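Results of the structural survey
One letter stands for each residue in the lines below.
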Amino acid sequence: MALCSVADVKTALGIEDNIDDTSISLAVDAATAMIEQYCGRQFTQDANATARIYVATNSYLVHVDDISTTSGLIVKTDPGADGTFSQTWTTSDYQLEPLNGKISGQTWPYHTIRAIKSLYFPMDYGQALIQITARWGWPAIPNAVKQAAIIQSITIFKSPDAPFGATPFPDTGILRLRSALHPTAAALLNEYRLEPVQVA
């Protein structure tokens, strides 16, 4: 799913016709892929819950991919290390973090699960013994991410106009092509960058 729409990009560029819709759509798709690779996470919400397996950081803590909602969330462990994930945790056995699903007042997906009762996360020489079933991603695309996607989409869409790496535009100044993200887009995304979690 795209991080911004073709209409968003056309509005930013002041385009009213549909002549370039296909090219803009391709630019949006490319910008979405670049941003999610840069940040190491997906900002859209999966339609259905699916299972993924993880390696615990320690007996009390496991870092997971972004969980968009508690709806459909299931935590299972494999204490016998036999691949069966036979132990299902109740919601009172664990705590989701960040607490209240917020960081600095902003809505944020859950990315850490902490054991808080009598159960512990099993560990066996790096084997993935935790299975989490969830709807992965973010509950809503953050505004900063959407704006970064618009900027990056424009950069990609305008790239044929810059055969020598730079071209002037009256509203935005000189557009310079880069192999990395547009610097403004990168600045908007910095707080959303994530190091990969241990997922099998």
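Everything quoted here is computed from the prediction, not taken from an experiment.

Details of helix H3 (residues 143-157)
Its 15 residues place the ends of H3 21 Å apart at the C-alpha level, agreeing with the 21 Å of an ideal helix rising 1.5 Å per residue. Within H3 the residues assigned to the buried category are Ala 144, Val 145, Ala 148, Ala 149, Ile 150, Ile 151, Gln 152, Ser 153, Thr 155 and Phe 157.

Re unusual backbone geometry
Residue Pro 98 is reached from Glu 97 by a cis peptide bond, and omega for that bond is 10°. Residue position: Pro 98 is located in the loop between strand E5 (94-97) and strand E6 (102-103). With a phi close to 50°, Ala 81 is a non-glycine residue in the positive phi region. With respect to the helices, strands and loops of the structure, Ala 81 is situated in the loop between strand E3 (74-77) and strand E4 (87-88).

Quick look at the sheet that holds strand E1 (residues 50-54)
One open sheet holds the four strands; their spatial order is E1-E9-E3-E4, and the pairing between them is antiparallel. The open sheet has two edge strands with one neighbour each: E1 and E4. Of the pairings in the sheet, the one linking E1 to strand E9 (residues 130-134) comprises five bridges and is antiparallel in character. Looking across to E9, one finds that Thr 50 is bridged to Ala 134.

Considerations on the pattern of salt bridges
A complete count under the given rule lists five salt bridges for this structure. A salt bridge links Arg 52 to Asp 65, with the shortest nitrogen-to-oxygen separation between them at 3.0 Å. Taken as a pair, Arg 52 in strand E1 and Asp 65 in strand E2 (residues 61-67) lie far apart in primary sequence, 13 residues in all. Between Glu 97 and Arg 114 there is a salt bridge, with the nearest N and O atoms lying 2.5 Å from each other. A residue pair is termed long-range when its members are at least 10 positions apart, and Glu 97 in strand E5 and Arg 114 in strand E8 (residues 110-115) qualify at 17 residues. For Arg 114, a relative accessible area of 31% corresponds to the partly exposed category.

Some thoughts on the packing of helix H1 (residues 6-13) against helix H2 (residues 21-39)
The description of two helices packed together rests on the angle between their axes and the distance between the axes. Two elements in contact, H1 and H2, have axes separated by 9 Å at closest approach and are oriented at 110°. Looking at the two axes, H1 sits roughly perpendicular to H2. Residues Val 6, Val 9 and Lys 10 of H1 pack against Asp 21, Ile 24, Ser 25 and Val 28 of H2. Of the residues belonging to the contact of H1 with H2, the class tally is four nonpolar, one polar and two charged.

Here we look at the nonpolar core
A general tendency of soluble globular proteins is for nonpolar side chains to be buried together. Ile 35, Phe 43, Val 145, Leu 189 and Tyr 192 are the most contacted members of the largest nonpolar core, which has 23 residues in total. Put simply, the parts of the chain that give this core at least two residues each are H2, H3 and helix H4 (183-189). For this core, the element with the most residues is H3, which contributes seven residues. Counting residues in each nonpolar core, the second largest holds 19 residues, with Val 75, Tyr 94, Tyr 110 and Phe 121 among its members.

Conventions we followed
Residues numbered from 1 in each chain as written. Predicted model: local features only at pLDDT ≥ 70, side-chain atom pairs only at ≥ 80, totals over all residues. Heavy atoms only, no water. Helix = DSSP H or I, 4+ residues; strand = E, 2+ residues; numbered from the N terminus. Expected span 1.5 Å × (residues − 1). Buried < 20%, exposed > 50% of the residue type's maximum accessible area, 1.4 Å probe, protein only. Pairing = 2+ DSSP bridges. Salt bridge = Lys/Arg side-chain N within 4 Å of Asp/Glu carboxyl O. Axes fitted to C-alpha atoms, helices over the stretch in contact; angles between N-to-C directions. Parallel < 35°, antiparallel > 145°, perpendicular 65-115°, else oblique. Contact = heavy atoms within 4.5 Å. Nonpolar A, V, L, I, M, F, W, Y, C, P; charged D, E, K, R; others polar. Core = buried A, V, L, I, M, F, W, Y, C linked by side-chain atoms within 4.5 Å.

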